Amino acid sequence: MIKAITGTKDILPNEIPNWNNLEDIVCNAMKAFNYKEIRTPIFEETRLFSRGIGEATDIVGKEMYTFLDRSETSITLKPEMTASVVRALLEHSLDKQNQLNKLFYISPMFRQERPQAGRFRQFNQFGAEALGSISPALDAEMILLAYQILKRLGLSNFVVKINSLGVPSSRENYKNLLKEYLSDKLNDLSEESQKRYETNILRLFDSKDRDDQKIMEHAPLLIEHLDDESLEHFEEVKQMLLSAGVPFEVDPKLVRGLDYYTHTTFELVSGSVGSQSALCGGGRYDLLVKQLGERDVPGVGFAAGIERILLAMENEKVMPEFIPQIDYYIVRLEKELSKKVFEIANNLRKEKSVEFDYTQRSVKAQMREANRLGAKKVLMIGGSEYERGMVVLKNMSDGSQEEIAIKEFE
RNA sequence: GUGGGUGUAGCUCAGUCGGUUAGAGCGCCUGGUUGUGGCCCAGGAGGUCGUGGGUUCAAGUCCCAUCUCUCACCCCA
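Residues numbered from 1 in each chain as written. Chains lettered and ligands numbered in written order. Predicted model: local features only at pLDDT ≥ 70, side-chain atom pairs only at ≥ 80, totals over all residues. Heavy atoms only, no water.

A.B. asks: How should the overall build of chain A be read in this particular structure?
C.D. replies: For chain A, the count of helices and strands is 15 helices and 16 strands. Taking 410 residues into account, the globule formula puts the C-alpha radius of gyration at 22 Å, and chain A, at 28 Å, lies well above it. Counting only C-alpha atoms, chain A reaches 95 × 50 × 50 Å along its principal axes. Each of the 410 residues in chain A was classed as buried or not, and the buried ones make up 50%. Accessible surface, chain A: about 21,400 Å² in total, of which carbon and sulfur atoms supply 48%. (Helix = DSSP H or I, 4+ residues; strand = E, 2+ residues; numbered from the N terminus. Rg over C-alpha atoms; globule rule 2.2 N^0.38 Å. Buried < 20%, exposed > 50% of the residue type's maximum accessible area, 1.4 Å probe, protein only. Areas by Shrake-Rupley, 256 points an atom, 1.4 Å probe, with all protein chains shown as cover.)

A.B. asks: What exactly am I supposed to notice about helix 1 (residues 16–32) here?
C.D. replies: In an α-helix, one turn spans 3.6 residues; hence positions three or four apart end up facing the same way. Taking 1.5 Å of rise per residue, 17 residues should cover 24 Å, and helix 1 covers 24 Å from first to last C-alpha, within 8% of that figure. Residues Asn18, Trp19, Asn21, Leu22, Ile25, Val26, Ala29 and Met30 constitute the buried set of helix 1. The arc enclosing the buried residues of helix 1, seen along the axis, measures out at 165°, which places them on a common side. Where helix 1 is buried, its residues meet strand 5 (101–110), strand 6 (122–131), helix 6 (136–152), strand 11 (299–305) and helix 12 (306–315). Among the residues trailing helix 1, Asn34 stands out with phi positive, at a value near 65°. (Expected span 1.5 Å × (residues − 1). Arc of directions from axis to C-beta. Contact = heavy atoms within 4.5 Å.)

A.B. asks: For this particular structure, what's the right way to read a nonpolar patch on the surface?
C.D. replies: Taken together, the side chains of Ile42, Phe43 and Phe67 define a hydrophobic patch exposed on the protein surface, amounting to about 270 Å² of accessible area. Within the secondary structure, Phe43 sits in strand 2 (residues 43–45). The partly exposed category is assigned to Phe43, whose relative accessible area is 47%. (Patch = residues over 30% accessible without salt bridge, like charges linked within 9 Å, V, L, I, M, F, W, Y side chains within 5 Å. Salt bridge = Lys/Arg side-chain N within 4 Å of Asp/Glu carboxyl O.)

A.B. asks: I'm lost on the sheet that holds strand 1 (residues 36–37) in this one. Help?
C.D. replies: For sheets, the rule is that strands pair by backbone hydrogen bonds, running either parallel or antiparallel. With mixed pairing, eight strands are arranged side by side in an open sheet as 1-5-6-11-10-9-7-8. Here the strands that pair on one side only, and so sit at the sheet edges, are strand 1 and strand 8 (249–250). Bridge count for strand 10 (residues 278–284) against strand 11 is five bridges, and the pairing is antiparallel. Across the sheet, the residue bridging to Cys280 is Ala304, located in strand 11. The sheet strands contacting helix 4 (residues 82–91) are strand 5 and strand 6, and the helix crosses strand 6 at an angle near 45°. Contacts between helix 10 (residues 228–243) and the sheet are confined to strand 7 (158–164), strand 8, strand 9 (262–270) and strand 10, with strand 7 contributing the most and set at about 160° to the helix. (Pairing = 2+ DSSP bridges. Axes fitted to C-alpha atoms, helices over the stretch in contact; angles between N-to-C directions.)

A.B. asks: Teacher, can you tell me more about the packing of aromatic side chains here?
C.D. replies: Aromatic ring pairs are reported here in terms of the distance separating the ring centres and the angle at which the planes meet. Taken as a whole, this structure holds five aromatic pairs when the rule is applied. Between the aromatic rings of Tyr328 and Phe409, the centroid separation amounts to 6.5 Å while the plane-to-plane angle is 80°, which identifies the pairing as edge-to-face. Here Tyr328, found in strand 12 (residues 326–332), pairs with Phe409, found in the segment after strand 16 (401–405); they are 81 residues apart in sequence, far enough to count as distant. On the basis of relative accessibility, which here comes to 12%, the residue Tyr328 falls in the buried class. Overall, Phe409 belongs to the buried group, its relative accessible area being 9%. Between Phe356 and Tyr358 the ring centres are 4.5 Å apart and the planes differ by 35°, which places this aromatic pair in the tilted class. Site record: aromatic cluster; members linked through ring pairs are Phe342, Phe356 and Tyr358. Taking the ring centre of Tyr181 as reference, the NZ or CZ of Lys185 above it sits at 4.0 Å. (Phe/Tyr/Trp six-rings, centres within 6.5 Å; stacked < 30°, edge-to-face > 60°. Lys NZ or Arg CZ within 6 Å of the ring centre and 35° of its normal.)

A.B. asks: I tried to follow the pattern of salt bridges on my own but got confused; where do I start?
C.D. replies: Note that side chains of opposite charge can pair when their charged atoms are close. What the rule picks out here adds up to 24 salt bridges. Salt-bridge contacts for Lys62 lead to Asp58; the nearest nitrogen and oxygen are separated by 3.6 Å. With Lys62 and Asp58 both in helix 3 (residues 58–63) and four residues apart, this pair spans about one turn of that helix. A salt bridge links Arg295 to Asp95; the nearest nitrogen and oxygen atoms lie 2.7 Å apart. Note that Arg295 is positioned in the loop between helix 11 (288–292) and strand 11 and Asp95 in helix 5 (residues 94–97), a separation of 200 residues in sequence. Note on Asp95: relative accessible area 17%, which makes it buried. Several salt bridges converge on common partners, so that one network encompasses Arg332, Asp357, Arg361, Glu369 and Arg372.

A.B. asks: Any chance you could explain unusual backbone geometry here in plain terms?
C.D. replies: Across the chain, the bulk of peptide bonds are trans and the bulk of non-glycine residues have phi less than zero. Phi at His263 is positive, roughly 50°, even though this residue is not glycine. Looking at the element boundaries, His263 is found in strand 9. Not every positive phi belongs to a glycine, and Lys317 is a case in point at roughly 55°. Relative to the helices and strands, Lys317 is located in the loop between helix 12 and strand 12. Given a relative accessible area of 74%, Lys317 falls into the exposed group.

This is the structure:
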């Protein structure tokens, strides 16, 4: 039997209402904050991601679905959306048409990792990007937006973590400080962390190695060595979150894996899913656009994992229940009336949802099916009523029925 | 890429110290009088026990391999 590729999933009809519900809530929230939807291709030239996300990141280094097409161009299925959105912005000069572009998306992404709870190779994200302003109000808005969406979906068991990475100049100073602190402890670090000491020293804070954590516990923190401008930016973000009533905690060790972040980074972390607990992550990226084009456009954004959110909703038992319903089921008493049923059904279908039996089942079986489908009303065609030009209309909720002229349905 | 667990009906699972026709619940189908659902009752369909080897008189059960799914590491949404 041919099966879906490892790490991919079919979303079956009975799950679709949950997806539609989530997408509706996302779209409505985005609309409320005046974000406009954007859709970009599923694949891009590989160098968009290698340049945009960063060669040293895990995503680019070992997780991308990359292949050569027939003209030998290196193609990659998008592992995240920010680089694509920025590409589209520059390609169509949206940044010149509007000073500020507030965009959102809902789209599948692809990463070749080992699947586990809350992690898939094809997964869906919704997210938002605001391009064109350095205002901390937008950093706060992103966090508020993500927070509100999760709340509207019914989730409560999650926390908002924020941090600031400052600007590159203050970060460089800090990195040197950190290197100095670690210089005599290098041999005590795990192998992985020793590598990161060279490639991306900030990520040492992420290490789950006990000994590493012990060492890092006393390390100087970036947030204590920010320049004044970065501090002020961060302070304003926090003030606005407070005034918006968004509870948050500052996590100085929150260092995100993508190269392009500056200033604010944040995560919304659930306590209701497995170890893949980040429902949503994002931050400010004032340098990315320049890296991909010649123009200098600041930006801030977030991405949220739909599968993880649905999983959290299930575990928190806040998934709304959707009971299937149709307006009419048409029961045919004599099988010679099949053509009549077909005609009436299609008339009703101009306005209502209608179903009928396509096989030759008994009246009892048809009624059972009507009940199974959640039909509000059953139209019975045939017998003496039909000869008098009437049909029986049965109300399935209370079992009452009445005769109505068949003309009403023709 | 590394490690642990798992695989029996459409679904959730039981199956004893290896022993004869492999079970349950749910779901599905049919029926419980001539043309009526939900509840109840009766009956029915549906399984090469993941796959391939091996041990044995005998394997769903033991051993090996392989695949699958799954959880965790890693990383992230």
